[in-house]
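Here is what each chain is made of, one letter per residue.
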Amino acid sequence: EADIYQTPRYLVIGTGKKITLECSQTMGHDKMYWYQQDPGMELHLIHYSYGVNSTEKGDLSSESTVSRIRTEHFPLTLESARPSHTSQYLCASRQGGGSHTEAFFGQGTRLTVV
Amino acid sequence: AQTVTQSQPEMSVQEAETVTLSCTYDTSESDYYLFWYKQPPSRQMILVIRQEAYKQQNATENRFSVNFQKAAKSFSLKISDSQLGDAAMYFCAVQGAQKLVFGQGTRLTINP
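The structure reproduced in this document is the subject of the present report. Being a predicted model, the structure only gives us computed values, none of them experimental.

1. Quick word on the pairing of strand S5 (residues 43-51) of chain A
If a strand is regular, its side chains alternate between the two faces of the sheet.
Residue and element names in this part refer to chain A.
Here's step 1: Burial of S5 is extensive: seven of the nine residues sit out of reach of the surface.
Here's step 2: Pairing analysis gives six bridges linking strand S4 (residues 31-37) to S5, with the strands arranged antiparallel. Within the sheet, the bridge partner assigned to Trp 34 lies in S5 and is His 47.
Here's step 3: Between S5 and the antiparallel strand that follows it, strand S6 (residues 54-57), lie two residues; Asn 53 among them carries a positive phi value of about 65°.

2. Observations regarding the packing of aromatic side chains
Here's step 1: Under the defined criterion, the tally for this structure stands at 13 aromatic pairs over all chains.
Here's step 2: Here Tyr35(A) and Phe105(A) contribute two aromatic rings whose centre-to-centre distance is 6.2 Å and whose plane-to-plane angle is 40°, an arrangement assigned as tilted. Taken together, the residues Tyr35(A) in strand S4 and Phe105(A) in strand S10 (residues 104-105) connect sequence positions 70 residues apart.
Here's step 3: Ring centres of Phe91(B) and Phe102(B) lie 6.2 Å apart, and the angle between their planes is 90°; on these two criteria the pair is classed as edge-to-face. Here Phe91(B), found in strand S10 (residues 88-95), pairs with Phe102(B), found in strand S11 (residues 100-102); they are 11 residues apart in sequence, far enough to count as distant.

So, how was this worked out
Residues numbered from 1 in each chain as written. Chains lettered and ligands numbered in written order. Predicted model: local features only at pLDDT ≥ 70, side-chain atom pairs only at ≥ 80, totals over all residues. Heavy atoms only, no water. Buried < 20%, exposed > 50% of the residue type's maximum accessible area, 1.4 Å probe, protein only. Helix = DSSP H or I, 4+ residues; strand = E, 2+ residues; numbered from the N terminus. Pairing = 2+ DSSP bridges. Phe/Tyr/Trp six-rings, centres within 6.5 Å; stacked < 30°, edge-to-face > 60°.

Given below as structure tokens:
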């Protein structure tokens, strides 16, 4: 089983609240990713990082922000949650050094904004 | 830029039969890999098979094999002897030096 963890698994929160979704991996992977996935639908890349202090926006515009202060930790923050942010958020990581390495995924955080 | 297209939102197959899932892609990177990942219901995404773009030989992993046509930018997945445990969402992905981009996914149903 992959050593990548997301917390919380489920979150119901009111509109306007600030939230942080946690993602941690113990594999020492350089590259980490956040995807947004609506039920039964495609994964949209919203943020990625290729190392400490390096983050990039993905292909899908997102109001969220990320940080990468430590290799193992890649949290995603929404400053003011809205119902349109309701979705599943998946975190992944992989070893750097080439395009061949397998990505490992967390179990996801299902966010509902009411 | 990297894009991946899966044109089959849903597929179904009889248990023990063979099914092929389609995928086309585009990328500006010269060094890239192609992947198929599986997402079972309420479970984590896991790797099914990977293919190096420079290799002409198609990858095979037990009952799973790919048909990689680089000129056509096509990367299909064949599942032989389908089993009930193969039921899942299947995602095709292209991975370059930094980004990992997925297609829309194909929901595979196995009929007993």
